[in-house]
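Fold and contact review
These are the residues of each chain, in order.
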Amino acid sequence: MNLIERRKRVLGRHVTTFYDTPFAPVRGDGVWLFDADGERYLDCYNNVPHVGHCHPKVVDAIARQAATLNVHTRYVHDGVVDYGERLTAKFDHDLTTMIMVNSGSEANDIALRMAQAVTGKTGVIGTDNTYHGNTAAVSQLNAKKVPVGGYAGHVRQVSAPDNLRPVGGSRDGQAAEFCADVETAIAELEASGHGVSALIICPYFANEGFPTLEPGFMDRAIAAVRRAGGVIIADEVQPGFGRIGTHWWGHEKLGFAPDIVTVGKPMANGHPVAAVVTRADVLEAFQDAFKYFNTFGGNPVSAAAAMATLEVIEDEALVENARAVGAYAIEELNGLAAQYDVIADVRGSGLFFGVELMRGGQPATDICKRMVNEMRNNGVLLSSVGRFDNTLKIRPPCVFSRDNVDLLIDVMDSAFKKVLADE
């Protein structure tokens, strides 16, 4: 029985894998992954190893702390406090307190309960093409699969912004139409008795296909939520920690002040740790309303991994690297767009970018899927995203270089030639 068959038997036959031929890496180093045959693959998708696969400083921090002490979080340890002070110093808007947890799902679950505690209401608004995690509460917000029994009555979904299919039909009018949808959701939640506890969004709208939005896009919608007594949750699991190049956080790029921020995936370069960052009054309301404790969140090893990752981001100037290399990548992708009319849109910020594919005015989902697999077969790993899975999603470790971009573009060029010739 081969590894794939064993995996399906133990983990279930529907467990997710990438690519028509699943990839089985055995080693990572910086932006590279290696299979059992020693073949090298350029990782253009994995945002978990934010500072590169197996970064020696992070590996050393984990090993040293694990060899010294790792305990239950009801013991007092300076590691989590030191990290909390360093992390919250990266935020404005009085976001000075933190709870450390184990995953972005758990962080978003807590954020929703914080919103309930501070508002006394239960209604939640998200977009209709999003993902915020796997707990029972946050899975109610996910757009890809309807929960058993349908969406709960306290949840409303509003149309996600989009470059090629903007809300209301116009890029210029999209912010106003987005706000109008939010106001409709608010009215429905208030009429149903749930009220509005929160609007939760990824400020980069990553799973929605990362549309190009100007600062202030959210202002009217946020004002409407706050008039209704709700709070704003920014899910920074994908755009956070400088990935977008222009700022440390996605909400800074859009120019709004969240009440609660959640972070996860890249926070400790692959070690399972996440956090909720908020104001002191919100944290106190949550702690008054809920008996909450987390055995592993903020344990000494997790705190050490997170601190080492943050220090590498600063020491190696990775936010600036994301800005400069990402801008170069967009320039090179625009060069490809001039050659291939299937490329309908090139967009992104920092080291989170991609291309949307259209054919005959319709999403070129099948071409996108074949491109992802053709590139994997030629040593470059990426994926797809968007309502129709017709956008190539490129989100590499933040140590990605201009040389890496050149390889990405060369392989993508060859892949387009091959895939389009086979149409």
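Attention in this report is confined to the structure presented alongside it.

The rules behind each value
- Residues numbered from 1 in each chain as written.
- Predicted model: local features only at pLDDT ≥ 70, side-chain atom pairs only at ≥ 80, totals over all residues.
- Heavy atoms only, no water.
- 1 Å grid on protein atoms, 1.4 Å probe; cavity = no way out; pocket = protein on both sides within 12 Å on 5 of 7 lines; lining within 4 Å.
- Points joined across faces, edges and corners; volume = space filled by probe spheres on them.
- Nonpolar A, V, L, I, M, F, W, Y, C, P; charged D, E, K, R; others polar.
- Helix = DSSP H or I, 4+ residues; strand = E, 2+ residues; numbered from the N terminus.
- Salt bridge = Lys/Arg side-chain N within 4 Å of Asp/Glu carboxyl O.
- Buried < 20%, exposed > 50% of the residue type's maximum accessible area, 1.4 Å probe, protein only.
- Pairing = 2+ DSSP bridges.
- Polar contact = N/O pair within 3.5 Å; in protein donor to acceptor, adjacent residues only side chain to side chain.

This brings us to empty space enclosed by the protein. This structure, assessed with the given rule, holds one cavity of 30 Å³ or more. Every residue along the wall of the largest cavity is listed here: Asn129, Asp162, Arg165, Glu208, Gly209, Arg347, Glu356, Gly386, Arg387, Phe388, Asn390 and Thr391. Its residues assigned to classes, the lining of the largest cavity comprises one nonpolar, five polar and six charged.

Moving on: the layout of surface pockets. Within this model, the second largest pocket holds a volume of roughly 470 Å³. Lining the second largest pocket are 26 residues, and of these Val80, Met98, Ile99, Met100 and Gly297 sit closest to its centre. For the lining of the second largest pocket, the elements supplying multiple residues, two or more each, are helix 3 (78-88), strand 4 (97-101) and helix 8 (280-289). Considering every element that reaches the lining of the second largest pocket, the biggest residue donor is helix 3, with five residues.

Turning to the pattern of salt bridges, a few remarks are in order. With the rule as written, the count across this model stands at 21 salt bridges. A salt bridge links Arg359 to Asp341; the shortest N-O distance between them is 3.1 Å. Note that Arg359 is positioned in strand 12 (residues 353-359) and Asp341 in the loop between helix 10 (318-337) and strand 11 (343-348), a separation of 18 residues in sequence. Arg359 gets classed as partly exposed once you look at its relative accessible area, which sits at 33%. Given a relative accessible area of 63%, Asp341 falls into the exposed group.

For the rest of this paragraph, the subject is the pairing of strand 5 (residues 123-127). Burial within strand 5 is extensive, with five of its five residues counted as buried. Neither face of strand 5 is left uncovered, since the one carrying Gly123, Ile125 and Thr127 and the one carrying Val124 and Gly126 both have all their residues buried. Where strand 5 lies against strand 7 (residues 196-201), three bridges are found, and the strand directions are parallel. Opposite Val124, over in strand 7, you have Ala198 as the bridge partner. Bridge count between strand 5 and strand 6 (residues 155-158): four bridges; the pairing is parallel. Each bridged residue has a counterpart across the sheet, and for Gly126 the counterpart in strand 6 is Gln157.

It is worth spelling out unusual backbone geometry at this point. For Phe205, which is not a glycine, the phi torsion comes out positive at approximately 45 degrees. Tracing the backbone shows Phe205 in the loop between strand 7 and helix 6 (219-227). Note on Phe205: relative accessible area 0%, which makes it buried. Unusually for a residue other than glycine, Phe210 sits at a positive phi of about 40 degrees. Residue placement: Phe210 occurs in the loop between strand 7 and helix 6.

All right, on to the side chain of Arg347 then. Looking at the element boundaries, Arg347 is found in strand 11. In this structure Arg347 comes out as buried when scored by relative accessible area, which is 5%. At 2.6 Å, the side chain of Arg347 forms a polar contact with the side chain of Asp345.

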